[in-house]
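# Observations on chain architecture
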Amino acid sequence: MHGDARWPPYACAVRHQLRTEGVVLVPALAVVALLVYWAAHGGGYAPTTWEPSALVVLGLLAATVFGLGFARIRLTRASAIGLAALGLYVAWSYLSIAWAAAPGDALDGSNRTLLYGLLFALFAVLPWRSWTAGVTLTAFALGIGAVALVTLVRVGSSGDVAGMFSDGRLVAPTDYVNATAAMFMVGSVVAIALGARGELPVALRAALLALATVSLQAAVLCESRGWLFTLPIVLVAALAIMRDRLRFALWALLPIAGALASLPALLDVFRRVDAATSSGTPAQIRTELIDAGSHAVGIALPCAGVVLVVALLLALLDRRARISERLIRNANRAACGIAIVAAVAGVGVGLVATHGRPDRSIARYWDRSNGYKYGASGGSRFALVGSDRPDFWRLSLRAFADHPVGGLGQDNWATYYLRDRRSGDQPRWTHSLELRLLAHTGLVGFALFATFLAGAALQALRGRRRPDRLPVALAGTALLPVVVWLVHGSIDWLWEFPVLSGAALAFAALAGSLMNESAPPPAADPAERAESASPGADRTAPRRSPRRLPALVFTGLAVVGLVAAAVAIAFPYLADRQTNAATNEWRADPAAAFTALDRAAELNPLSSRPGVTGGVIALELHRPAAAAARFDQAVARDPDNWFAYFGRGLAASAARDPAAARAAFARARVLDPGEPLVRAGLARVDSKRPLSSDEAFGMIRRDVARLTGGA
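If you're wondering where the values come from, they're calculated on a predicted model, not measured in any experiment.

With that out of the way, let us pick up the overall build of the chain. The helix and strand inventory of the chain stands at 28 helices and two strands. Across the 711 residues of the chain, 50% fall into the buried class. For the chain, contacts bridging at least 24 residues in sequence account for 75% of all contacts bridging at least 6. Looking at the chain as shown, the accessible area adds up to about 32000 Å², and 65% of this sits on carbon and sulfur atoms.

In structure tokens:
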């Protein structure tokens, strides 16, 4: 008997699919595992988190390309244009190192951009099918939902809950409140879109919708105003993208209802902590946070459990329901009309709320947004107004005006902002994707990235009228992370989080490739077809071998590019590891720490980080001469680094050289006129008690503790 005769026919089909198409899941699920890992580890923000991951993605791309062979990679014109534009943007980022004031930062930013380009390229070349795309998207939604569930469980039962919050708002696991809210929003909308699909197993649909509820609840705990303000736009855009709009909207009601049922308890966390902050001790604030968090989770998780049961019952009913195609089309048109009416109504409400003059209200908001404007303690964070973003955006536009063609250089906006800031913040990022592109890489970079987005969107949205509904639905689902990333990222710094940017670009590529699922294979050469079809053709004669020179050249260029990318990522990663090792071990073994920093400086000759770290360690050890040498190294690599000059001034003061200290402090003040530490150093440079490194670092530690909510 044949070995497969014992298997039912469907089992044979599944095994055949796994053998022929399942290879796609190897790199796809590896990327999903990276995304979930980033989600649980600071959003992947730290270089030592995303740099080794970039090497993994590079290896996956190389294995995929050479495993498939260049002849089997099919890209439409729109996909090819988008991929080429993204590749050129990555190259432009690296080129910006040449004019960047801080070339080490530009290299870091370019490597991060390369990571995103590698993710897009990997998902673009994979031969997706509906079932492999569905498995990948489902694994991602389950992974982010699991991170949200673990986060809520920790809030409700962990003694270290204080480290998960800042000012009464959930920041874990990304350590930035708005990134956490956006990440859980991405997981929620993807889970809802998948849970609405009748093709999935009933239990899986119920689990997805329950996890979508948990993700929404975790997003509410962040009390992110950026998330709240962009939420209506995200929902309307999601309805516009999804083909089965009414189905998506109806199934979304379950997680929304679960989140609304627990909303008072979730909002109560910030209210109680904010009220305790105004008069309580750090111990009392921590106790209030633990109690409020435990109460909120005690209500939120049962609500998610109710959603699980209801979703399971409704999914069973949905499995038996049969709806005509005509009714589905009419329902989707109605849902589109409802979305349009909702958008118009939102505009109308905005006009009424601003007395018909939104421009004046925006102008007043802009004028008063020189720092946060807090209301009475114990209120809702969502009710507070004011932000420093207008000042960030003002100087981002000025940076673009000053450097319109190439920008300041990738990741080089922070030092530019400090020179003319009106706020007390020291942000590293522009808090806007569009302004980031303009300020960092100029008009050229903005045009290249816009071309990439246009090509990717054109490919992902083509074929929406196809009769096979599942690929279109999955392509729309894959675009939902892009929607959240673009809309929320327009007013925040989400680009720097690989869990958000990586997911957005990778799934955009998946959507575009999926729309190419039913495309026929490339036709043979017409002359070859005619020759093989002619009656007198000799089918036994050996065929001429094709010209291999172009393929060999292309392969050689690909190998060179992969090696260059590996070198560009690997050496900064090794340098960062050495720097981190020195930071962690200098108290136990100062000599080994300085040796590690010397290796880091050699591995990455563009970065000022080893010099600054070594200078701080030397000051902590009260070695002013060594500190001066280390800070001089940092200044040579980054002439606009105010802290390097400030450290040089502290070292000179410790060495009883007021003239050198004054010069260093003066330069630091030019680079950052609003820094109180620099003003204190200058004011006391000629006194009997000049500012010491112990005092300066103590002030920094207290400020960090205040900003992070530490005791």
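Right, let's talk about the side chain of Thr49 for a bit. Relative to the helices and strands, Thr49 resides in helix 3 (residues 47-68). Setting aside residues up to four positions removed in sequence, Thr49 forms contacts with Tyr37, Trp38, His41 and Gly44.

Let us now look at a nonpolar patch on the surface. Taken together, the side chains of Phe66, Val559, Val563, Val567 and Phe571 define a hydrophobic patch exposed on the protein surface, amounting to about 400 Å² of accessible area. For the nonpolar patch, the leading source of residues is helix 21 (residues 549-585), giving four residues. Tracing the sequence through the fold places Val559 in helix 21.

Per the counting criterion, the structure on display carries 22 aromatic pairs. When the centroid spacing of 6.1 Å and the interplanar angle of 75° are considered together, the rings of Phe123 and Phe507 count as edge-to-face. Here Phe123, found in helix 5 (residues 103-125), pairs with Phe507, found in helix 19 (residues 498-514); they are 384 residues apart in sequence, far enough to count as distant. On the numbers, 5.0 Å between centres and 35° between planes, the contact of Trp413 with Tyr417 is tilted. With a gap of four residues between them, Trp413 and Tyr417 both fall in helix 16 (residues 413-418), about one helical turn apart. Comparing Trp413 with Tyr417, the two get one shared label, buried. Following the ring pairs from residue to residue traces out a cluster consisting of Tyr89, Tyr116, Phe120, Phe449, Phe452, Trp485 and Trp495. Cation over ring: Arg205 sits above Trp251, and NZ or CZ is 4.6 Å from the ring centre.

Of the voids in this model, the second largest pocket is the one considered here, and its volume is about 750 Å³. Along the wall of the second largest pocket there are 26 residues; nearest its centre are Leu61, Leu83, Ala121, Ala558 and Leu562. Broken down by secondary-structure element, the contributors of at least two residues to the lining of the second largest pocket are helix 3, helix 4 (77-95), helix 5 and helix 21. Residue contributions to the lining of the second largest pocket peak at seven residues, all from helix 4.

Detailed reading of the predicted coordinates is not advisable wherever pLDDT is low. Summary statistics for the chain give a mean pLDDT of 86 and a share of 81% for residues scoring 70 or more. Note that pLDDT drops below 50 for residues 518-549; the model gives that stretch 14 contacts with residues more than four away or on any other chain. Low confidence marks residues 706-711, where pLDDT is under 50. Its contacts with residues over four positions away, or in another chain, come to seven contacts.

Helices that pack against each other are described as a pair by the angle of their axes relative to one another and the distance between those axes. Close contact between helix 2 (residues 25-40) and helix 6 (residues 130-157) brings their axes to 9 Å; oriented N to C, the two are set at 15°. As summarised for this structure, helix 2 and helix 6 are arranged roughly parallel, according to the angle between their axes. Every pair of crossing elements has a handedness; the one defined by helix 2 and helix 6 is right-handed. Residues Leu25, Ala28, Leu29, Val32, Leu35, Val36, Ala39 and Ala40 of helix 2 form the contact with helix 6, whose own contacting residues are Trp131, Thr132, Val135, Thr136, Ala139, Phe140, Gly143, Ile144 and Val147. Here the residues of the contact of helix 2 with helix 6 are counted per class, giving 14 nonpolar, three polar and no charged.

Attention now moves to the pattern of salt bridges. Throughout the structure, instances matching the rule amount to 26 salt bridges. The partner of Asp420 in a salt bridge is Arg394, with the nearest N and O atoms 3.8 Å apart. Note that Asp420 is positioned in the loop between helix 16 and helix 17 (433-461) and Arg394 in helix 15 (residues 389-402), a separation of 26 residues in sequence. Taking the relative accessible area as the measure of exposure, Asp420 reaches 34% and is therefore partly exposed. With a closest N to O distance of 2.4 Å, Glu620 and Arg701 form a salt bridge. Taken together, the residues span a long stretch of sequence, with Glu620 in helix 23 (residues 609-620) and Arg701 in helix 28 (residues 693-708) at a distance of 81 residues. For Glu620, a relative accessible area of 18% puts it in the buried group. Counted as one network, the salt bridges with shared partners bring together Arg112, Asp411, Arg436 and Glu496.

Calculation rules
Residues numbered from 1 in each chain as written. Predicted model: local features only at pLDDT ≥ 70, side-chain atom pairs only at ≥ 80, totals over all residues. Heavy atoms only, no water. Helix = DSSP H or I, 4+ residues; strand = E, 2+ residues; numbered from the N terminus. Buried < 20%, exposed > 50% of the residue type's maximum accessible area, 1.4 Å probe, protein only. Contact = heavy atoms within 4.5 Å. Areas by Shrake-Rupley, 256 points an atom, 1.4 Å probe, with all protein chains shown as cover. Patch = residues over 30% accessible without salt bridge, like charges linked within 9 Å, V, L, I, M, F, W, Y side chains within 5 Å. Salt bridge = Lys/Arg side-chain N within 4 Å of Asp/Glu carboxyl O. Phe/Tyr/Trp six-rings, centres within 6.5 Å; stacked < 30°, edge-to-face > 60°. Lys NZ or Arg CZ within 6 Å of the ring centre and 35° of its normal. 1 Å grid on protein atoms, 1.4 Å probe; cavity = no way out; pocket = protein on both sides within 12 Å on 5 of 7 lines; lining within 4 Å. Points joined across faces, edges and corners; volume = space filled by probe spheres on them. pLDDT = per-residue confidence, 0-100. Axes fitted to C-alpha atoms, helices over the stretch in contact; angles between N-to-C directions. Parallel < 35°, antiparallel > 145°, perpendicular 65-115°, else oblique. Left-handed = near helix turned anticlockwise from the far one by under 90°. Nonpolar A, V, L, I, M, F, W, Y, C, P; charged D, E, K, R; others polar.

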